[in-house]
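Secondary and tertiary structure notes
Each chain is listed here by its residues.
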Amino acid sequence: MSTTEITEIVREKYAAAATRAGSCCGAPALDHVSPITSNLYDAAQAEGLPAAAMLASLGCGNPTALAELKPGETVLDLGSGGGIDVLLSARRVGPTGKAYGLDMTDEMLALARDNQRKAGAENVEFLKGQIEAIPLPDASVDVIISNCVINLSGDKDRVLSEALRVLKPGGRFAVSDVVTRGEIPEELRSDVLLWVGCLAGALDETDYVGKLSAVGFDSISIEPTRVYKVDDARDFLEGRGLDVDAIAPQIDGKFFSGFVRATKPSATATAGRCCG
């Protein structure tokens, strides 16, 4: 399947999710409870945020709780969806900071901007574009976050390269993503619907570290935040036409939500490496 085909499938799925979350009925973005996307934010974080921002959350973690954002920083959320992580980031960086959200889906951008208006967040800007071609200048942000979006890309090398480009020297890459550990049955990789459900496009943790290193990041680490067991996988795969009983024992504990950290080398470190 081509990168373009993957992009269009993801766009359609997330457009539908935005429409559902932004409806008058206040429906969740998904019509079922997912073990990956549920219970990510506590009541204190949700306080003061529009309900639609919570309902539209399709993430697999809470990067704003782990990214150690500081007042005055500029942060960019790749694949910002309904805007919850952007709004939470805006709180953390304060009025002297800036929080950007980047999304390719018109429906999600409309929902996010409406949520921004309702939240009264003035230090927020939502941009239209793809995470493989970030519409910001070189060395323009301090921190990049993302919530279960990079695994959806058909060109992860390009995403990571772009992330490095827009980070300032010493800038931080701090994303939540679904990561695999060990061999995953081919049936899961080939089912196109699972690209949208986060599993089929997930990188193995060794590959993730290798790709980050190859584009130029250092201080790389992956911290599991929620490991998925057979029962989680059974619920996740139900109704997808797969033989759950045959597949479930093969994936027990082999995929997890993880917090992926890396740093763009500082100018001093880069100069030293060049002169070596």
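Structure: above.
Right, let's walk through the structure included here. Sequence positions are assigned chain by chain, starting from 1 and proceeding in written order. In keeping with the predicted nature of the model, local features appear solely for residues at pLDDT of at least 70, side-chain atom pairs appear and are counted solely at 80 or more, and the whole-chain, interface and lining totals rest on all residues. Water and hydrogen atoms were dropped before computing side-chain values, which therefore reflect all heavy atoms in the structure.

1. Things to note about the overall build of the chain
Of the regular secondary structure elements, the chain holds 13 helices and eight strands. When each of the 276 residues of the chain is scored for burial, the buried share is 53%. Only the protein chains shown count as covering a residue, and every accessible area follows the Shrake-Rupley method with a 1.4 Å probe. Put simply, the chain shows about 11,900 Å² of open surface, and 51% of that area lies on carbon and sulfur atoms. Numbering of helices and strands runs from the N terminus; a helix is a DSSP stretch of H or I covering at least four residues, while a strand is a stretch of E covering at least two. When a residue's accessible area, from a 1.4 Å probe over protein chains only, is under 20% of the maximum for its type it is buried; when over 50% it is exposed; and in between it is partly exposed.

2. Some details on the nonpolar core
Side-chain atoms within 4.5 Å are what join buried Ala, Val, Leu, Ile, Met, Phe, Trp, Tyr and Cys residues into a set we call a nonpolar core. Leu76, Ile144, Phe173 and Tyr208 are the most contacted members of the largest nonpolar core, which has 29 residues in total. Contributions of two or more residues to this core are made by strand E1 (74-78), strand E2 (98-103), strand E4 (141-146), helix H7 (156-166), strand E5 (167-180), helix H10 (205-215) and strand E8 (255-263). Broken down by element, the residue count for this core peaks at five residues, all from H7. With residues up to four places along the chain from it excluded, the contact list for Ile144 reads Leu76, Leu78, Ala163, Val166, Leu167, Arg172, Phe173, Ala174 and Val175. Note on definitions: a residue-residue contact is assigned when non-hydrogen atoms from the two residues lie within 4.5 Å.

3. Examining unusual backbone geometry
For Glu68, which is not glycine, the phi torsion reads 55° and is therefore positive. Position of Glu68 relative to the elements: it lies in the loop between helix H4 (63-66) and E1. Since its relative accessible area comes to 57%, Glu68 is described here as exposed. Of note in the backbone geometry, Ser219 takes a positive phi value of approximately 50° without being a glycine.

4. Some details on the environment of Leu167
Structurally, Leu167 is set in strand E5. Considering only alpha carbons, one finds Leu167 and Ala139, 28 residues apart in sequence, at a separation of 4.6 Å.

5. Examining the packing of aromatic side chains
The pairing test for Phe, Tyr and Trp rings, Trp by its six-membered ring, is centres within 6.5 Å, and the orientation test on the planes gives stacked under 30 degrees, edge-to-face over 60, and tilted for anything in between. All told, the structure shown has two aromatic pairs when counted by the stated rule. With a centroid separation of 5.2 Å and 25° between ring planes, the pair formed by Tyr228 and Phe255 is classed as stacked. Linking Tyr228 in strand E7 (residues 218-228) with Phe255 in strand E8, this pair joins segments that are 27 residues apart in sequence. Judged by relative accessible area, Phe255 falls into the buried class, the value being 2%.

6. Some thoughts on the pairing of E4
In terms of burial, E4 is largely enclosed, as six of its six residues are buried. Two strands are said to pair when DSSP picks up at least two bridges between them. Where E1 meets E4, four bridges bridge the pair, whose relative direction is parallel. Its bridge partner being in E4, Leu76 is matched across the sheet by Ile144. Pairing of E4 with E5, which is carried by three bridges, proceeds in the parallel orientation. Each bridged residue has a counterpart across the sheet, and for Val143 the counterpart in E5 is Arg172.

7. Let's talk about the environment of Glu223
Tracing the backbone shows Glu223 in strand E7. Residues Glu223 and Ser176, 47 residues apart in the sequence, show an inter-C-alpha distance of 9.5 Å. Once residues lying within four places of it in the same chain are set aside, the contact partners of Glu223 are Ser257, Gly258, Phe259 and Arg261. We define a polar contact as two N or O atoms separated by no more than 3.5 Å, with the added condition that, inside protein, one atom must be a possible hydrogen donor and the other a possible acceptor, whereas residues neighbouring each other in sequence contribute only through side-chain atom pairs. In terms of polar contacts, Glu223 uses its side chain to reach the side chain of Arg261, at 2.9 Å.

8. As for helix H5 (residues 84-93)
The buried fraction of H5 amounts to eight of the ten residues, a majority that puts the element mostly inside the structure. Within H5, the full set of buried residues consists of Ile84, Asp85, Val86, Leu87, Leu88, Ser89, Ala90 and Val93. Positive phi shows up at Gly94, right after H5, with a value of about 75°.

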